[in-house]
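# A look at the structure
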Amino acid sequence: LMRRNPGQNDPHGPFATGHGISRHAELRTKLSQAIQHGAAGVLFINDPYSVAKAATDRTESITKAQAEIATLADEYLAAPDAEGDKVAAARDKLKGAVDRWKSLKASAEKPEDDGLMKFGYAGHNDGKKGLPSFHITQAQCNEMLKAALGKTLSDLETEIDSDYQPRSALLPGWKIQGTSDVKQVRADVSNVIGVLEGEGPLANETIVIGAHYDHVGRGGENSLAPGSTDIHNGADDNASGTAALLELARRLSSRPQKLPRRLVFIAFTGEELGLLGSAYYVKEPVFPLDKTIAMFNMDMVGRLNDDKLTMFGSGTSSRWEPELKALNEASGFKLAFKPEGFGPSDHSSFYGKKIPVLHFFTNNHPDYHRPSDDWEKLNVEGMFRVVEMLERMIIQTAETPERPDYIEVKQKPMAQRGGNRPYFGT
Ligand SMILES: [Zn+2]
């Protein structure tokens, strides 16, 4: 199976979304296709286009780096001797450019364009529909293709790109043998649920407030710090949401009057492994989902910066946007509304069950999924403000007699949190 998809260089081609890489390129999509067609195993190969493009990109950046050196060298030579500060600054800039060029050259000398995917790149699997999958080099693949079909991978790619027709073929005389000894380590983990009963005619309706409490441990495939075995504390992702959840539970449970609807606070587990905890909850709900009228999620609410608060799911009920705007008059956030209800956090599981959702998010940062996501970088006052606004949102939703309507938002390509969510591998 070739990776990616045909026509990556064709802006009008059938797969021309997301820089030429469509959702059909996702490894799990390819694997499920293979399973449906009765495959016994899969060998992945890098597509020649991507490998060639990586080489071109590298040459281009070396050329750019050289041009930058020339410009900065001119500036350095033009700096007047009398002004020592300017000379030193120009020299530093020049040195920076030379260093960049050197490191580009060094990586060009031993390119890993046909690099193999790291183990776990395609994410986790519950083992039920698994298929032994390997990744082989283009050289290995070409050896077989040439012997069996008299063609190379590039030939096939060019043919496919010319008419978008498959070139699947048997390789007569070739057999593959391989052993996969992946051990699945299983562990029991739990969602933690707190319930605050309501009172009155709507008391059998539920509002879920959630935040995942797991993170990525000592790194590994979900870490963005390659090779690190340092503890990843995940202060923002998602100790911030977990703390906010506890604070909301504390505040709402200390109200003298019960609310008209039931509040269910859930600290989800296994979010980082693919929304496991919330997926389990919607499969085995503690309270009926058809009477669950809304789900509010907090995942990364600890880094409020410049008052910017992103509201995912704002289009999943017609009420959300006007209500949030009104509530925000007292809160003073710069709100960014993202209508889509599906996304890489636990609200997605509930939206999949046709429940209106809102996900509070104070935006990404360079410490995301790295050991440096630590408590001293949290904006605690910002967390307080998120809690305060969400508290009013919860009370308002619990007290409004009508339940929020559910809206199906036209699905866009999946947002990739952090730009590098491993289990969206292509
Ligand atoms: Zn998270």
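As the structure is a computational prediction, the values presented were derived from the model and not from experiment.

Our focus in this paragraph is the overall build of the protein. For the protein, the count of helices and strands is 10 helices and 9 strands. A principal-axis box enclosing the C-alpha atoms of the protein has dimensions of 75 × 75 × 40 Å. Pairs at least 24 apart in sequence give 81% of the contacts found in the protein among residues at least 6 apart. Surface accessibility of the protein: about 23400 Å² in total, with carbon and sulfur atoms responsible for 55%. Taking the average location of the 51 positive side-chain charges in the protein and that of its 58 negative ones, the two points are 3 Å from each other.

Attention now goes to the side chain of aspartate 237. Mapped onto the secondary structure, aspartate 237 falls in helix H6 (residues 235–253). Judged by its relative accessible area of 0%, aspartate 237 falls in the buried class. Within the structure, the side chain of aspartate 237 is placed 2.9 Å from the side chain of histidine 212, a separation counted as a polar contact.

A word on a nonpolar patch on the surface. Where nonpolar side chains cluster on the molecular surface, the patch consists of Ile193, Val195 and Val286 and spans about 220 Å² of accessible area. For valine 195, the location among the structural elements is in strand S3 (residues 192–196).

What follows covers the environment of glutamate 391. Inspection of the secondary structure assignment puts glutamate 391 in helix H10 (residues 380–399). Along the primary structure glutamate 391 and leucine 153 are separated by 238 residues, whereas in three dimensions their C-alpha atoms are 58 Å apart. Filtering out sequence-adjacent residues up to four positions away, glutamate 391 remains in contact with Leu248, Arg251 and Leu252.

Let's shift gears to the nonpolar core. Among the nonpolar cores identified, the biggest contains 34 residues, and Ile209, Leu248, Phe296, Met298, Leu324 and Phe360 are the most heavily contacted of them. Broken down by secondary-structure element, the contributors of at least two residues to this core are strand S4 (206–212), H6, strand S5 (262–268), strand S6 (292–298), strand S7 (308–312), helix H8 (320–331), strand S9 (357–361) and H10. Looking at this core, the element that brings in the most residues is H10, giving 8 residues. Setting aside residues up to four positions removed in sequence, leucine 324 forms contacts with Met311, Leu335, Phe337, Leu358, Phe360, Met389 and Met393. Ile266, Phe268, Val282 and Val409 belong to the second largest nonpolar core, which has 14 residues in total.

This part covers the packing of aromatic side chains. Under the criterion given, the structure shown has 7 aromatic pairs. Ring centres of phenylalanine 296 and tryptophan 320 lie 5.6 Å apart, and the angle between their planes is 50°; this geometry places the pair in the tilted category. With phenylalanine 296 in strand S6 and tryptophan 320 in helix H8, this residue pair connects regions lying 24 residues apart in the sequence. Owing to a relative accessible area of 0%, phenylalanine 296 belongs among the buried residues under this scheme. Here tryptophan 320 falls in the buried class, since its relative accessible area comes to 0%. Arginine 385 extends its terminal NZ or CZ atom over the ring of phenylalanine 333, reaching a point 4.7 Å from the ring centre.

Before going further, it helps to spend a moment on the coordination of the zinc ion. Looking at the zinc ion, the protein donor atoms are His212 (NE2), Asp237 (OD), Asp299 (OD) and Asp299 (OD), and they sit 1.9 to 2.7 Å from it. Metal-centred angles of 52 to 150° between the 4 donor atoms at the zinc ion mark the site as irregular. In the primary structure, the donors to the zinc ion are separated according to the pattern H-x24-D-x61-D. Here the residue histidine 212 occupies a position in strand S4, and aspartate 299 occupies one in the loop between S6 and S7, the gap between them amounting to 87 residues.

With domains assigned, the protein is organised as domain 1 (1–46 + 114–186), domain 2 (51–109) and domain 3 (192–424). A straight line from the C-alpha centre of domain 1 to that of domain 2 covers 39 Å.

With 5 of 5 residues buried, S9 is to be regarded as a mostly interior element. Residues Val357, His359 and Phe361 point to one face of S9 and Leu358 and Phe360 to the other, with burial holding for every one of them. Alignment of S7 against S9, held across 3 bridges, turns out to be antiparallel. In the sheet register, phenylalanine 312 faces S9, and the bridge partner there is histidine 359.

Once the charged atoms of two side chains with opposite charge are near each other, the side chains can pair. By the definition in use, this model includes 23 salt bridges. Its salt-bridge partner being glutamate 75, residue lysine 93 comes within 3.9 Å of it at the nearest N-O pair. Residue lysine 93 is located in helix H3 (residues 84–109), and its partner glutamate 75 is located in helix H2 (residues 48–78); the two are separated by 18 residues in the primary sequence. On the basis of relative accessibility, which here comes to 39%, the residue glutamate 75 falls in the partly exposed class. Lysine 334 is the salt-bridge partner of aspartate 306, the closest N and O atoms lying 2.8 Å from each other. Placement of aspartate 306 in the loop between S6 and S7 and of lysine 334 in strand S8 (residues 334–338) is noted, with a sequence separation of 28 residues between them. On the basis of relative accessibility, which here comes to 42%, the residue aspartate 306 falls in the partly exposed class. Note on lysine 334: relative accessible area 43%, which makes it partly exposed. Members of the salt-bridge network, linked through shared partners, are Lys151, Glu159, Asp163 and Arg167.

What counts and how
- Residues numbered from 1 in each chain as written.
- Predicted model: local features only at pLDDT ≥ 70, side-chain atom pairs only at ≥ 80, totals over all residues.
- Heavy atoms only, no water.
- Helix = DSSP H or I, 4+ residues; strand = E, 2+ residues; numbered from the N terminus.
- Contact = heavy atoms within 4.5 Å.
- Areas by Shrake-Rupley, 256 points an atom, 1.4 Å probe, with all protein chains shown as cover.
- Lys, Arg positive; Asp, Glu negative; His and termini not counted.
- Charge placed at Lys NZ, Arg CZ, Asp CG, Glu CD.
- Buried < 20%, exposed > 50% of the residue type's maximum accessible area, 1.4 Å probe, protein only.
- Polar contact = N/O pair within 3.5 Å; in protein donor to acceptor, adjacent residues only side chain to side chain.
- Patch = residues over 30% accessible without salt bridge, like charges linked within 9 Å, V, L, I, M, F, W, Y side chains within 5 Å.
- Salt bridge = Lys/Arg side-chain N within 4 Å of Asp/Glu carboxyl O.
- Core = buried A, V, L, I, M, F, W, Y, C linked by side-chain atoms within 4.5 Å.
- Phe/Tyr/Trp six-rings, centres within 6.5 Å; stacked < 30°, edge-to-face > 60°.
- Lys NZ or Arg CZ within 6 Å of the ring centre and 35° of its normal.
- Donors = N, O, S within 2.8 Å, 3.2 Å for Na, K, Ca; no water.
- Tetrahedral: all angles 85-135°; square planar, octahedral: opposite > 155°, others 65-115°.
- Domains from an automatic or database assignment.
- Pairing = 2+ DSSP bridges.

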